[in-house]
Amino acid sequence: MSQIPAELKYVSSHEWIRHEGDGVVTVGITEHAQELLGDVVFVEVPEVDSEVEAEDEIAVVESVKAASDIYAPLAGTITEINEELEDSPELLNSDPYGDGWMFKMQLADVSELDSLLSADDYAEEIADE
Amino acid sequence: MGSKTPLYQAHVDAEARIVDFGGWDMPLNYGSQIDEHTAVREASGMFDVSHMTIVEIKGSDAKPYLQYVLANDVAKLTESGKALYTAMLNEDGGVIDDLIAYYLTDAHYRLIVNASTREKDLAWLENVAQQFNVSVEERIDLAIIAVQGPQAVEKTLSVISDEHQELVSNLKPFTAAYAGDLFVARTGYTGEDGFEILIPDNQAIELWNQLLAAGVKPCGLAARDTLRLEAGMNLYGNDMDESVTPLESNMGWTVAWEPEDRDFVGRKALEAQKEAGIPHKLIGLVLDGKGIMREGQEVLVNDEVVGVVTSGTMSPTTSKSIAIARVQRSLDAEEVLVQVRKKQIPAKVVKPGFVRKGKSLI
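Owing to the predicted nature of the structure, the values given are computational and were not obtained by experimental measurement. (Residues numbered from 1 in each chain as written. Chains lettered and ligands numbered in written order. Predicted model: local features only at pLDDT ≥ 70, side-chain atom pairs only at ≥ 80, totals over all residues. Heavy atoms only, no water.)

## Re the packing of helix H3 (residues 62–69) of chain B against helix H4 (residues 118–129) of chain B
Residue and element names in this part refer to chain B.
At step 1: Running from N to C, H3 and H4 cross one another at 120 degrees; their axes reach a closest spacing of 11 Å. It follows that H3 is oblique to H4 by the angle criterion. Classified by chirality, the crossing of H4 by H3 is right-handed. Residue-level contacts link Tyr65, Tyr68 and Val69 of H3 to Trp124, Leu125, Glu126, Val128 and Ala129 of H4.
At step 2: Residues of the contact of H3 with H4, tallied by class, amount to seven nonpolar, no polar and one charged. (Axes fitted to C-alpha atoms, helices over the stretch in contact; angles between N-to-C directions. Helix = DSSP H or I, 4+ residues; strand = E, 2+ residues; numbered from the N terminus. Parallel < 35°, antiparallel > 145°, perpendicular 65-115°, else oblique. Left-handed = near helix turned anticlockwise from the far one by under 90°. Contact = heavy atoms within 4.5 Å. Nonpolar A, V, L, I, M, F, W, Y, C, P; charged D, E, K, R; others polar.)

## Some details on the side chain of glutamate 248 of chain B
Residue and element names in this part refer to chain B.
At step 1: Note on placement: glutamate 248 falls in the loop between helix H8 (221–230) and helix H9 (267–276).
At step 2: The side chain of glutamate 248 is buried and forms no salt bridge, while arginine 326, the nearest opposite charge, is found at 5.1 Å.
At step 3: Those residues in contact with glutamate 248 that lie beyond four places of it in its chain are Gln273, Ile278, Pro279, His280, Lys281, Leu282 and Arg326. (Buried < 20%, exposed > 50% of the residue type's maximum accessible area, 1.4 Å probe, protein only. Lys, Arg positive; Asp, Glu negative; His and termini not counted. Salt bridge = Lys/Arg side-chain N within 4 Å of Asp/Glu carboxyl O.)

## Topic: the sheet that holds strand S7 (residues 67–71) of chain A
Strand pairing in a sheet relies on backbone hydrogen bonds, with the paired strands running either antiparallel or parallel.
Residue and element names in this part refer to chain A.
At step 1: In space, the three strands of this open sheet follow the order S4-S6-S7, with antiparallel pairing throughout. A single partner strand is all that each edge strand has here, and the edge strands are strand S4 (40–44) and S7. Along the sheet, successive strands turn relative to each other by an average axial angle of 25 degrees, direction set aside. (Pairing = 2+ DSSP bridges.)

## Digging into the layout of surface pockets
At step 1: Considering only enclosed or pocket space, the second largest pocket measures out at about 430 Å³ in volume.
At step 2: In terms of lining, the second largest pocket is formed by 24 residues, of which the most central are Phe42, Val43 and Glu86 of chain A together with Lys290 and Gly291 of chain B. (1 Å grid on protein atoms, 1.4 Å probe; cavity = no way out; pocket = protein on both sides within 12 Å on 5 of 7 lines; lining within 4 Å. Points joined across faces, edges and corners; volume = space filled by probe spheres on them.)

## Brief notes about the UniProt feature "modified residue: N6-lipoyllysine" (unreviewed entry) in chain A
At step 1: Those places that UniProt annotates as "modified residue: N6-lipoyllysine" (unreviewed entry) correspond, in this numbering, to Lys65 of chain A.
At step 2: Among the structural elements, lysine 65 of chain A can be located in the loop between strand S6 (57–63) and S7. (UniProt positions renumbered as here; feature names shortened; annotations may be inferred.)

## Some thoughts on the UniProt feature "domain: Lipoyl-binding" (unreviewed entry) in chain A
At step 1: Under the feature "domain: Lipoyl-binding" (unreviewed entry), the UniProt entry names residues 24–106 of chain A.
At step 2: Annotated as residues 24–106 of chain A, this span is 18% helix and 42% strand, and its ends, taken at the C-alpha atoms, are 4 Å apart.

## Things to note about empty space enclosed by the protein
All names here are of chain B.
At step 1: Scanning the entire structure with this criterion turns up one cavity of 30 Å³ or more.
At step 2: Roughly 30 Å³ of volume is contained in the largest cavity.
At step 3: Elements supplying a minimum of two residues to the lining of the largest cavity: strand S3 (45–48) and H8.
At step 4: Each residue belonging to the lining of the largest cavity can be placed in one class, and the counts come to five nonpolar, one polar and two charged.

## Examining helix H2 (residues 33–42) of chain B
At step 1: Listing the buried residues of H2 of chain B in full gives Gln33, Glu36, His37, Ala39, Val40 and Arg41 of chain B.
At step 2: Contacts from the buried residues of H2 of chain B go to strand S2 (24–29), S3, strand S9 (142–148), strand S13 (217–218), H8 and strand S20 (355–356) of chain B.

## Section: the packing of H2 of chain B against H8 of chain B
Residue and element names in this part refer to chain B.
At step 1: At a minimum axis distance of 8 Å, the contact between H2 and H8 shows a crossing angle of 50 degrees. With respect to their mutual orientation, H2 and H8 come out oblique. Between H2 and H8 the crossing geometry is right-handed. Taking contact as the criterion, the partners of Gln33, Glu36, His37, Val40 and Arg41 in H2 are, on H8, Ala222, Ala223, Thr226, Leu227 and Glu230.
At step 2: Split into classes, the residues belonging to the contact of H2 with H8 amount to four nonpolar, three polar and three charged.

## Focus: the UniProt feature "domain: Aminomethyltransferase C-terminal" (unreviewed entry) in chain B
At step 1: Taking the numbering used here, the UniProt-annotated feature "domain: Aminomethyltransferase C-terminal" (unreviewed entry) corresponds to residues 281–355 of chain B.
At step 2: With 0% helix and 63% strand, residues 281–355 of chain B has end C-alpha atoms that lie 20 Å from one another.

## Points about the interface of chain B and chain A
At step 1: Facing 15 residues of chain B, the contacting portion of chain A comprises 16 residues.
At step 2: Our count for the contact surface shared by chain B and chain A stands at five salt bridges.
At step 3: Of the charged contacts in the structure, one is a salt bridge between arginine 294 of chain B and glutamate 62 of chain A, with a shortest N-O distance of 2.7 Å.
At step 4: Viewed at the interface, chain A and chain B are joined by twelve residue pairs in polar contact (both at pLDDT 80 or more).
At step 5: Taken together, the elements giving at least two residues each to the side of chain B that touches chain A come down to H2, H8 and strand S16 (304–315) of chain B.
At step 6: Here the side of chain B that touches chain A is built from residues that sort into three nonpolar, five polar and seven charged. (Polar contact = N/O pair within 3.5 Å; in protein donor to acceptor, adjacent residues only side chain to side chain.)

## Digging into helix H7 (residues 204–213) of chain B
Residue and element names in this part refer to chain B.
At step 1: Buried within H7 are the following residues: Ala204, Leu207, Trp208 and Leu211. All buried residues of H7 fall inside an arc of 100 degrees around its axis, so they share one side.
At step 2: In this structure, the buried residues of H7 make contact with helix H1 (8–13), S3, S9, helix H5 (152–157), strand S12 (194–200) and S13.
At step 3: At the exit of H7 stands glycine 215, carrying a positive phi of roughly 100 degrees. (Arc of directions from axis to C-beta.)

## Regarding the side chain of threonine 53 of chain B
Residue and element names in this part refer to chain B.
At step 1: Secondary-structure assignment places threonine 53 in strand S4 (residues 53–58).
At step 2: The buried category is assigned to threonine 53, whose relative accessible area is 2%.
At step 3: Leave out the neighbours within four places in its chain, and threonine 53 touches Leu111, Ile112, Val113, Asn114, Ala115, Arg118 and Glu138.

## Structural notes on a negative patch on the surface
At step 1: Side chains of Asp49, Glu51, Glu53, Glu55 and Asp56 of chain A sit close together on the surface and give a patch of like negative charge.
At step 2: Relative to the helices and strands, aspartate 56 of chain A is located in the loop between strand S5 (51–52) and S6. (Patch = residues over 30% accessible without salt bridge, like charges linked within 9 Å, V, L, I, M, F, W, Y side chains within 5 Å. Areas by Shrake-Rupley, 256 points an atom, 1.4 Å probe, with all protein chains shown as cover. Charge placed at Lys NZ, Arg CZ, Asp CG, Glu CD.)

## Describing the sheet that holds strand S10 (residues 176–179) of chain B
Residue and element names in this part refer to chain B.
At step 1: With mixed pairing, six strands are arranged side by side in an open sheet as S10-S11-S12-S9-S3-S13. Each of the sheet's edge strands pairs with one partner strand only, and the pair in question is S10 and S13.
At step 2: One ladder, built from three bridges, connects strand S11 (residues 182–185) with S12; its direction is antiparallel. Looking at the pairing, valine 184 lines up with isoleucine 197 of S12.
At step 3: Across the sheet, H7 touches S3, S9, S12 and S13, and the angle it forms with S9 is around 15 degrees.

Quick look at the structure:
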């Protein structure tokens with residue numbers, strides 16, 4: 001059973017979202033997602049300052065075998081990207097909830113965080129797969 | 001639930017990620033496909049390929065039958081255990097499958113065909129066999145373990161009985177021999193030295209565990225695919241299928257035109273295609289930029305689509321994205337553009353064959 005930290009929020013496309021305060025969130029992919037992908041060898045992150053809508057395709061994670069789109073979990077503005085991923089994409093495999101974070105964004109409406117999945121909701125979703 | 005090989009439980013015990021492959025529950029990887037790939041390039045790895053279909057062709061017409069049903073000529077095989085790589089074609093020259101044929105006697109050959117094409121292959125072989133005095137019999141009582149890598153020979157010999165050491169160590173490439181119950185072939189699908197070992201199903205797990213104890217790393221289908229692609233070897237269903245001929249698929253060398261009076265299924269169509277001009281060829285591509293080429297992506301020159309990627313990946317040995325692509329035969333560009341997702345990225349045109357015996361060729 002893969003790890004699903006209780007303090008994070010989730011979307012069904014396998015991203016996790018951590019609220020850092022003041023409407024800023026950090027986004028990455030879940031441990032379950034990296035297990036499905038296998039060895040990650042290339043990550044394309046969004047551009048800082050770009051404005052995104054919920055469910056926009058804004059990043060790509062490519063494993064040896066397949067490419068996966070990463071979606072903006074909510075509307076907002078990208079404020080920071082994890083530059084380590086360019087040289088060390090394998091961080092998504094080794095530490096998906098830590099050093100393998102992908103980007104940070106300022107949410108347009110912080111109250112929308114409540115619409116995301118809880119750890120329990122997400123666990124239920126992936127159990128049905 | 002799919003079919004299971006005799007080694008299925010060993011894969012589960014090793015915490016393999018199991019996936020469906022042509023109706024079989026097979027290991028995709030045992031953790032990291034890159035580590036598995038590297039083990040085969042630098043040391044040794046083993047693959048359960050028991051899902052592949054083994055077919056015995058027996059009878060007084062075995063030789064003329066195979067001379068008719070295969071595009072390569074089994075008459076080239078005169079020593080017991082000698083093998084050849086060949087396509088099996090339909091009347092239009094389309095590739096029904098690619099396979100290895102082993103010669104045992106004039107009245108007994110053994111074919112190893114792809115798992116994903118099992119049913120249509122058997123149906124085709126049986127259908128053509130009606131005109132000949134032969135039997136077509138699938139072997140479901142054998143497992144196959146491929147041991148590959150620069151240390152594969154040494155590791156395999158360490159688990160082979162003393163009386164068969166010399167025989168196995170002296171096997172030449174594309175040759176097989178019986179070592180007791182084992183049928184050991186010096187073949188593979190990785191671009192490295194090694195063996196493919198056919199073994200009675202009830203002995204397979206013991207051999208697997210002996211190899212494991214000798215330090216051979218279990219490798220899944222994912223590593224098998226990146227290894228074969230680095231070696232520039234075609235994968236049936238990706239790089240060729242019934243819609244193309246071997247002449248369009250870098251397999252011209254497997255078509256035996258001589259003797260001229262040997263009729264084989266698809267010969268007339270191939271001759272007509274040669275006469276009219278072969279429309280396509282397979283090339284190798286090395287991406288010059290960030291991104292990974294994938295099957296189905298378009299290949300462009302001067303804004304014009306000239307072909308399509310048939311297999312693409314990130315090559316673990318070279319850390320570059322490599323691909324095989326089917327393009328117009330007339331293409332002689334040294335560089336093309338590949339539509340990688342939303343971007344067009346330059347790629348260098350090379351011969352398919354990117355890594356051989358651990359060394360990058362690009």
